[in-house]
Amino acid sequence: MSLKIVPQNVEIRNNKIEFENLLFFIIDSNSNTKIEPLIGYDAIIIDAKDADFAQLVLRKIRGHYNPEFYLKPVFLINYKESKDPILHTMNDGFIHSYDQLKEIADIAKQLFLKTTQLDYQPVATFEAQIIKKVLNYMYTRDLKTLKPIPDLNSVIGYTYPEISINFDSTEESQVLEILEWGEKEGLIWPDFYERIYLCNQCSGGFLSYREVCPHCNSSNSSAQDLVHHFPCAYIGPISDFRNNVDNSLTCPKCNKALRHIGVDYDKPSIIHHCNNCDKNFQDFFVRAKCISCTQDVEVQYLIPKSINIYKLTKRGRTAAANGFLSSGKEVDDIFGTLSMPVFKTMLHYEIERIKENTEQKSSIAIINIENILELYKKIGKKAEKTVLESVVNLIRENIKPTDFMAFENSTTLYMCLINNDFIQTESDLTKLKSLIEKLIKNNFNDFEVKINFKASLLQPFNKSEFQLDELTKELFD
Amino acid sequence: MRFIDEFINYMSSVDAAKLFRMFWFFFIFEFFRFFLVEISTIIFWKFDSIFRKKGIADARLSLIKNQPLVSIIVPGRNEGKHIYKLVNSLKEQTYQNFELIVIDDGSDDDTAAICRNLEHRGMITAFYRNDVRGGKASAANLGLRFARGEFIVHFDADCSYDRDAIENILVPFYYNPKIGAIGGNIQVRNYKESLCATLQALEYYDTISIGRITTGELGIYRVISGAFGAFRKEALDRLGGWDIGPGLDGDITVKIRKLGYKIHFEPTAVCQTNVPITFNRLIKQRLRWDKSLIRFRLRKHRDVFFPNDSFKFSNFISFMENVTYNLILNIKWYFYLLDMVFNFTSQLIFIIPMNIVLYTVNNFMKFLVFSPFRDRKNEGITYFLIYIPLMVFYFGYFLRILRTVAYVQEVFFKASYKDEWNPAKSSRQAKALKL
Ligand SMILES: [Zn+2]
Ligand SMILES: [Zn+2]
Ligand SMILES: [Zn+2]
């Protein structure tokens, strides 16, 4: 409970400020860090006195799958230069005192204006959704490039704050996959910045390079010049020629002093001695030890990656505002589902069928897994198909063989349930919802998935597209 | 036809004394030294080997029981192309406790890449390379420096070895602890490739197989060939390895003998090598070999002629034998030629063909008599028989003239210091130090 009067007679009550019709919420280190309750606020001010705390909260907001959060104007107060790239780049401004509320209010209004221009059509794949999120953020913040920032906390050594925010710092290599995908889609254009090498096991970028013995891989070795004494053809490491009295070099074979390099002796090569296995070698291996997973690998097996500065392309700029259709593959090759066009054709036939048999009732339904992106962030993009397949399997086991379904995208599924009335369908879906929740919870580290669904009776005299659109609107409104 | 009649008539009119007078060179040197001495030594050796049998079997047993580590060193320059084959053939060896050390003396081809690869695949124990060329001796010494074996076996990359070659070359070390170095039996692999190669095969068979059994038995075996030789590492270490070539093979043999070790020739340890197939290349090779005789026998190791601490009678004999039958023999032959030209001018027309007949008959006899003593033949006797008449020209004239050229070049011009076989830096040093 704090009550504080700031000049201009603005009142802070319970961390809330109302200013020029905007509702601000101030998060300080005493606040609860759960951000979902803040959905009703127009903007958030984080007290950055404790930078770690501020960073944690900001990450939660910008990393949220819901645009209501990740696009929300966020400001910092009591902010001092931070090394954390997210805190530094992903705020919308900072103030030193509440006197400056006017400044941030103006910024917030600008952001609202831009935000309303955005298109929120769901997109097909995980990559597309992340990119969409990034493009939306860039569009509202007028950002033209995605710049890599050297970052010790990122497992690859660099971070792209706008994308990295969606991943754990240990999953940073997925950021590069997302960027590659965006590049392939023509949304962003790369300018080479730096080359990095990643661990072939964990994609970590913190590698320690060592010259190692080719026989035992130990890095415990020492190198010496080989010395060739011309007059007697003796050749050996320079230590053979040393004595412990003075600095002169004497040939162990003919006892002559070495005089002048190139005249009576030379150093034709270098020899390494391994202190571990006692072998001598000239051609050491270079191996990289991964600091993250301790895997020790020959450098030729490391994964080379380019770190680029990405510019938004024309297509990217349009897509940011208007949404985009991915030219890539959608989720239509999951066994047990149809592609969307086939689904629509089948739905059309079903409408024709119930037109003739009016006493028969069929239903359509939409299922949306709201926070599945969160799950992919945790388990990696590669698991996306596995997750969807196991969900489809589960549904298939609980519906009739004649029922059919299709993915609109990786979070949204359409179904058509034949000879199922509305009440039956509602109860079927409620059952499915809890089954899916249980499935994911059990298989993916207690992850709590949020499932929404809507169902309606198939209308004999409405077009299939119209009926699907209506259903979708109902679900998302 | 009339000439042949006259020739036979003349020859049959000559009595024994005159025959000896006219062909003294043949009777004293060729027949005595290279036939009678050799045949009696070989017969003795064969006879003696019956008594050695038990000892050799015991030596073999203790070699197998002890399993000493053997370091095979293969120095070379631009020999990468041969190494893979060599490595593979070594897998066949009956004696396997060896390490294989390949030394690259500044190759400018892909030798380093090939050998690094083999090293990484564990097919070569160690590969050492001098980026700057240092000469064959320094390459061998580099291998020796890092060798860990009790025995060092010196290989040439382009040779191949019988499956029991390593085992057989090691056995004598266990038969007689005084033996410090052992030479292998070198045969010509490509003897069918050209006439030049066939003649060399006959020569190798004669001088290397038979000749070395003889010199080995008599304790005057001179040169352990770099193609296949085994050494006690301790002996090489005491010497600090090889000295600058050419002729380093003969040089190291002499030095080991000077240390008081015996040098042994092992006819059952067989190595096959490719010889030059054109006379042009053969000439180059032989000029180099022959020059080294002067340089090392006469110039560097002249102390063996003078009694001092390291003086050994057998060393002296070995040297005398070598010098006599190579250098002095060569000079004597010219004496003989002059003798004939001035004293038998009118009979020259008969003496020359008679010499050829004598040598050829001698060559046939030698070949047939010694053939039963070859226990490892690369070809039946009949293959070589038809080439024997050519040996007199090859041995008697071609090689003799080559030797003369080499000696003249070396004695009067010290040509081997200019030999491109060694890098200039080493040759300069060697010349300055009168090595
Ligand atoms: Zn020296
Ligand atoms: Zn080692
Ligand atoms: Zn790793």
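Here we summarise the structure given alongside this text. (Residues numbered from 1 in each chain as written. Chains lettered and ligands numbered in written order. Predicted model: local features only at pLDDT ≥ 70, side-chain atom pairs only at ≥ 80, totals over all residues. Heavy atoms only, no water.)

What about helix H3 (residues 24-66) of chain B?
All names here are of chain B.
Moving on, step 1. In this model H3 runs just 53 Å from its N-terminal to its C-terminal C-alpha over 43 residues, more than 12% under the 63 Å that 1.5 Å per residue would give.
Moving on, step 2. At Arg52, H3 shows its largest bend, some 55°.
Moving on, step 3. With its phi angle positive at about 45°, Gln67 sits one or two positions after the end of H3. (Helix = DSSP H or I, 4+ residues; strand = E, 2+ residues; numbered from the N terminus. Expected span 1.5 Å × (residues − 1). Bend = angle between axes of the 7 residues up to and from the residue.)

Notes on empty space enclosed by the protein
Residues and elements named next belong to chain A.
Moving on, step 1. Counted by the stated rule, this structure contains six cavities of 30 Å³ or more.
Moving on, step 2. Of the volumes computed, that of the second largest cavity is approximately 70 Å³.
Moving on, step 3. What lines the second largest cavity is simply Asn398, Ile399, Met415, Leu417, Asp428, Leu429, Lys431, Leu432 and Leu435.
Moving on, step 4. Breaking the lining of the second largest cavity down by element, the ones donating at least two residues are strand E22 (412-417) and helix H12 (422-443).
Moving on, step 5. For the lining of the second largest cavity, the element with the most residues is H12, which contributes five residues. (1 Å grid on protein atoms, 1.4 Å probe; cavity = no way out; pocket = protein on both sides within 12 Å on 5 of 7 lines; lining within 4 Å. Points joined across faces, edges and corners; volume = space filled by probe spheres on them.)

With respect to unusual backbone geometry
Residues and elements named next belong to chain A.
Moving on, step 1. Even without being a glycine, Asn14 presents a positive backbone phi close to 50°.
Moving on, step 2. Non-glycine residue Thr294 carries a positive phi angle of around 65°.
Moving on, step 3. Considering the arrangement of structural elements, one finds Thr294 in the loop between strand E17 (285-290) and strand E18 (296-298).
Moving on, step 4. Since its relative accessible area comes to 53%, Thr294 is described here as exposed. (Buried < 20%, exposed > 50% of the residue type's maximum accessible area, 1.4 Å probe, protein only.)

A word on the pairing of strand E19 (residues 303-312) of chain A
Residues and elements named next belong to chain A.
Moving on, step 1. Relative to E19, strand E8 (residues 145-146) runs antiparallel, the two being bridged by two bridges. Bridge pairing in E19 links Leu146 to Tyr310.
Moving on, step 2. Pairing of strand E11 (residues 188-198) with E19 involves 10 bridges; the strand directions are antiparallel. Directly across from Arg195, in E19, lies its bridge partner Ser306. (Pairing = 2+ DSSP bridges.)

Re the packing of H3(B) against helix H13 (residues 348-370) of chain B
Residues and elements named next belong to chain B.
Moving on, step 1. Between H3 and H13, the shortest axis-to-axis distance is 11 Å and the interhelical angle comes to 5°. Comparing the axis directions of H3 and H13 gives the class roughly parallel. Facing H3, whose interface residues are Phe25, Phe26, Glu30, Phe31, Phe34, Phe35, Glu38, Ile39 and Ile42, H13 presents Asn355, Leu358, Tyr359, Asn362, Met365, Lys366, Val369 and Phe370.
Moving on, step 2. Residues that form the contact of H3 with H13 fall into these classes: 12 nonpolar, two polar and three charged. (Axes fitted to C-alpha atoms, helices over the stretch in contact; angles between N-to-C directions. Parallel < 35°, antiparallel > 145°, perpendicular 65-115°, else oblique. Contact = heavy atoms within 4.5 Å. Nonpolar A, V, L, I, M, F, W, Y, C, P; charged D, E, K, R; others polar.)

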